[in-house]
Structures are given as C-alpha cells and as structure tokens.
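Chains, contacts and geometry: an overview
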Amino acid sequence: MRKTLAKPFSTAIATLLKTPYLPNSHSSPSFFKPPYSTFAPLPPPEWVHPFNDLSDLISAGPKSGLQPSPWVPKILLILQNTTLEEDLSVFCQKYLIKLPPSFVAYILKQSGQFPNRADTAFRFFIWAGKQKGYAHSLECYVFVIEVLCSETNFDRAKLVFDDFKSKGFLMNSSAANSLVRSFGNGGMVEELLWVWRKMKENGVEPSLYTYNFLMNGLVDSMFLESAEKVFEVMENGKVKPDIVTYNTMIKGYCKWGNLKKAIEMFQDMEARNVGPDKITFLTLMQACYSETDYNSCLKLYNEMRDKGLEIPSHAYSLVIGGLCKDGKSLEGYAVFENMVTDGCGSNVAIYTALIDAFAKNGDLEMAMGLFRRMENEGFKPDEVTYGVIVNSLCRNGRLEEALEWFDYCLRNNVVINAVLYSSLIDGLGKAGRLEEAERLFEEMGCARDSYCYNVLIDALAKNGKVDEAVNLFERMEEEGCGQTVYTFTILIDGLFRARRNEEALKMWDVMMDKGITPNSASFRALSTGLCLSGKVARACKILDELAPMGIVLESAFEDMMNVLCRAGRVVEACRLADGVVERGREVPGRVRTVMINALRKAGNDDLAMKLMHSKIGIGYDRMRSVKKRVKFRTLVVS
DNA sequence: TTAGGGTTAG
C-alpha cells in the first residue's frame, strides 16, 4: 500500500488546481506552486472517487479506472462539518500521511471563503499544531489570523499572534500585507506596530497595498491623526498615495464627521491628477446622505455624470432616496428615469422610496402605479414596501384599504414587521377605533418596539384614557422595551390635558432621571401645560436648569410665547419677553420679532401693529433721560 | 486594497 502512495502530493494538488471545481483557483497563493517534492505523499488521483464526504474518501481505497476528482474542495466542504479534525486524523493515520503545513495553510486560506468558518478554522489550526512531527508554517499563522479577524474574533487572533511572535519567522511581504490588513480591521494597533517593526528588521519594504491596508485599518479604528501622518509619509516617500489611499482618507474624514476636510481632500486629489472614481463619489455621497444634505448628494451625482463615470446602483439609491426624503418626488422620479435609460437596473428599495414620496405628497395614484409597475417588472414587494403602502393609506384617511392590505399580507405569508403594525395601530387610534387598535397591539405577530407602544399610548391619552396610557407605559418597562423621549412627551401632554399637572411634572423628572435628553417637543409639552396653568416662571426655571447640562432648546422661548399669546395671556407673554431680554438669553431684536409673530399668529393684529410701530424692546426711555430699554410690559400697560 | 439604499410615533 505504501508503494502506491509514492506518487507525490504535488501531482494531486497540481491536477486539482486545474480542475474547475476548485473555488477561485486563480487566486491560490504563490507558495502552493512547485516545488512540492518535500511533501508527504497522498493517494494518487486514480484512487479518488467523487466523494461526498470524508468518510467516502477514507473508505474508497484503491479503485482503478476512476477519473481523478477534486478531493481537496470536498475536504473544504467538510470544513462545515464539526468532525473535521477527527476525520482527518483517521485519514492521515490510515494512509500514514505526514500532514504538510502547506496543506493546513491551504485549508485555512480556503476556509475564509465560507461564512462563519472562524471557529472551525481555529480548531483545525490547533488540532494540526498538535500532530506529531508537524510544525505550522508562517502562512498557517497568517491565514488563521486572517480568518479570525475577518469574523471579528480578535481575542483568538491575539492568542495565535502571541504564539507566532515566539516562533521567530522571517517576515515576507505577502504575510506582512495580510497581517496589517487583519490587525488594521480589528483596531489591533500594538500588533500592527509589531508587524511594521518586524518588516523593517527583515528588510521588507511596505508596498502600496501595505500602506493602504494600514491606512484603512487606522481609519476604521478612528485613528485619523495617525492616518494623516501615514499619508504625509507616503506623499514625501517613494510610494505615493493612489486613488485607494485618497478614498480611504476621504472615508476617514466622512466617518469623523468632517465633511469639509473630505471635500478638501477630494479637491486636492484632482489637483494632483489622481482622478476621483466612483468610490470617491459614492463615499462622499453617502456622507452627505447621512447628514441629510441631499442637495450636495444631487450635485455630486451630476458631477459624476459630467465626468462620464459609471454610476453604481447605490449612487442612484442615494440620490433618489434623498430627493424622496426632501419631498421632491418628481425630481426623484426624473433621476429614476435617467437610471432606467442608463440601463442601470432598479430595485425594491428605490421603488419603495418613490412610492413613499408620491404618497406623502398626496399622489396615491402615482404611488400605486409605481407599485404595480414594480410588480410587473418582476420585483417582489417586501415588508418595507407593504409598510409604506399601509402607512400611506392610513395617513390619507383610507384606513379600510390599509386594513385590506394588512389582510392581504396575512393571507400571502408576507412578513409583517413592527413598522407596519405601528402604522396601523396609529391609524386606528387616530380614527378613534381604540378597541381595534388595542386588539391589534395584543395580537401582534412580532416583537413590540417603542413605536408600537408610543402610538397606542398616544391614542389612549388623546382619547381621555390617561390611566390606561400610564399602565401601558409601566408595562413597556416591565417588558423590557425602552421608553423614549416620545413616550414621555405623549404622557406629559396627556397628563396636563387631564389637569394632572403634578403627575406631568413628575413624569418630566422621571425622564431626566432615566438620562433621556429632552428635546424641543418634550419641553413644548411641559411648558404649554405650565404656561396655561399660569406657571410661566416654573417653566423658565426648568429651562434654565437644562442649560448647564448642555441642553439648549432653540425654539423653547418662542413656543412659550406662542402658547401664551394664543391663550390671550398677553401680559404674561410680555413679562416672559422682558425676562428673556433681562437674562440676556436672546437678542432683544429677535425677542421683538418673535413677539410680533406670536401676536399675529394668535390673531391679535392690533397689538402686533402697536408693537411694530413702537420702540418697545429696542428703544430707549428718553422721558426719564436714562438710557434704558423700553420694556415689553409697556405694550399692555400704556 | 477603498464605497453600499427604502417604511413608523409626540
């Protein structure tokens, strides 16, 4: 038997590398190329059966006349099988094969092509390391680290690397590239620096790839200043920054929220003749989109078109999505038509965004037309699309149709998510159909999120069922669903409406104690309740307490003025205006404008005109020949 | 080697 094993492993591997079964055989690492003569022998190809698993392989034995078959890929498939080590042990023993490190490295490298392989790969690596007469090569370490880092298993990667360091391998450039990439992705800076030092020691010059991997690692770990330094080194060194380096830096600035610097770099690259590519544009567009700067998104898209660059489908998604969010459904549709003309395929997300935008603009016919067109083109509407349809119908008072679509989803096994449920519960609540809303809430087929709770709490509170709303608020906590600033706003508003002022104030304190940051809307609910019950000073005090916490609510004072004027409490409004000026919380000119607008909004045109034609708020009291600002109070006194 | 979308509440 041993005699028949004499055919070298190299022959088997060489044959296998040529077979179409081998995934990505063209990308096989260079150290799998000959010479293989030092490898222990494996069964010759003619033995090999088209195995389904390793047990087949083991039991096959010599069978003449069979076609050579790619058994290595079969072993790779067995990587999905947890008994790999055991099987391989048996296999190696049976054929008395000495496990070659290159084989282990190969399996580890290939295992990266399967999802969630880090655990198996790691155990395989450990198992192989324990085999008699076997020692891991540099590549084994590099590949297992690569697999571990790609699945964010950084602790294990560190463990393996500590072992690696003790072995005293000579660093080479491909190992260095891989390690820099792995450690960069994991933010393992210490390890990264070790590799860099080792490269220097062993005279391995960093290539453009090494630099770019390093840059990407630094940027992803938010070490932006270090990335800037590396960039500088590249600019002054032999290896100049290329398009990837620039794109990585731009990504860094975007992630850091420094869009201005990203744009500067974008302009700088043009000046240095490194033309921006589709990735540069897409990165910038994504950043603009995230900052809701949809206009810049559109400008970048137009620039891309002018340059004749290929426009990726995702860029269209961003531009169309941005226009839709801005309520510009027609403009969004125009870009959509460009996309179709360019031969760039649409997708469910783009259709859904357009349907939503048209529906929000009240054009339900166009929205439904797009829905049908999408279906005719073979796109299957998903849970988000149905969510948009149901929400649009609810918003437009077409609750019955929304319910029909809900039934349709149920009948056709379409997933119904919490968004669709919350839209429907909200629709029912706003239509006063509380019982149905509550029933739907209880019967929900998925986990309830804060939206679902909030819409129902709102429905209850607005329909005079404040106790039930508070019960639901408590149940929310019991069921582990986080209360949000919306929950508190709804309840504070509801409690004030029910004249349960002290409870409303307590609710505000609970919110603060929970570390939930109030916003303009929540303070509006509180201040409205307080102002209408004559406690303007208390509202001001609470507002003043927020400032030291760094919470500045831009419209707070304006909202209070509006509420007071609308309630005809002009004296209190004037007192508030004077207080705001005296505390220097707002420039007098603006307070004056706010006051005029508030009076106008409240329909009190007479006082608004009087204020406009006086020097109140900005003028000086010359009668008493003391330079003093005329108080707003004089508006109602004189 | 670098980039990745759509729906909901006060």
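None of the values given here were measured: they were computed from a predicted structure.

Things to note about helix 29 (residues 520-532)
In a regular helix each residue adds 1.5 Å, so 13 residues correspond to 18 Å; helix 29 covers 17 Å between its end C-alpha atoms and thus fits that length. S522, F523, A525, L526, S527, G529, L530 and C531 are the residues of helix 29 that are buried. Each element contacted by the buried residues of helix 29 is listed here: helix 27 (485-497), helix 28 (501-513), helix 30 (536-546), helix 31 (556-566) and helix 32 (570-582). Just downstream of helix 29, G534 is the residue with a positive phi angle, here 75°.

Considering the environment of L611
Here L611 lies in helix 34 (residues 605-612). When the C-alpha positions of L611 and L599 are compared, they lie 9.5 Å apart, and in sequence the two are 12 residues distant. In this view, L611 contacts R592, M595, I596, L599, I616, F632 and L635; residues no more than four positions away in its chain are not counted.

Some thoughts on the packing of helix 21 (residues 383-395) against helix 22 (residues 399-411)
Interaxial distance between helix 21 and helix 22 falls to 7 Å at its minimum, and their mutual angle equals 160°. In terms of their interaxial angle, helix 21 and helix 22 are classed as roughly antiparallel. Crossing angle aside, the handedness with which helix 21 passes helix 22 is left-handed. Of the residues in helix 22, those in contact with Y386, I389, V390, L393 and C394 of helix 21 are L399, E401, A402, W405, Y408 and C409. Its residues placed into classes, the contact of helix 21 with helix 22 shows 10 nonpolar, no polar and one charged.

Considerations on the side chain of S137
Within the secondary structure layout, S137 lies in the loop between helix 6 (118-129) and helix 7 (138-150). Residue classification places S137 among the buried residues on the basis of a relative accessible area of 18%. For S137, the contacting residues outside a window of four places in its chain are P101 and F169.

What counts as what
Residues numbered from 1 in each chain as written. Chains lettered and ligands numbered in written order. Predicted model: local features only at pLDDT ≥ 70, side-chain atom pairs only at ≥ 80, totals over all residues. Heavy atoms only, no water. Helix = DSSP H or I, 4+ residues; strand = E, 2+ residues; numbered from the N terminus. Expected span 1.5 Å × (residues − 1). Buried < 20%, exposed > 50% of the residue type's maximum accessible area, 1.4 Å probe, protein only. Contact = heavy atoms within 4.5 Å. Axes fitted to C-alpha atoms, helices over the stretch in contact; angles between N-to-C directions. Parallel < 35°, antiparallel > 145°, perpendicular 65-115°, else oblique. Left-handed = near helix turned anticlockwise from the far one by under 90°. Nonpolar A, V, L, I, M, F, W, Y, C, P; charged D, E, K, R; others polar.

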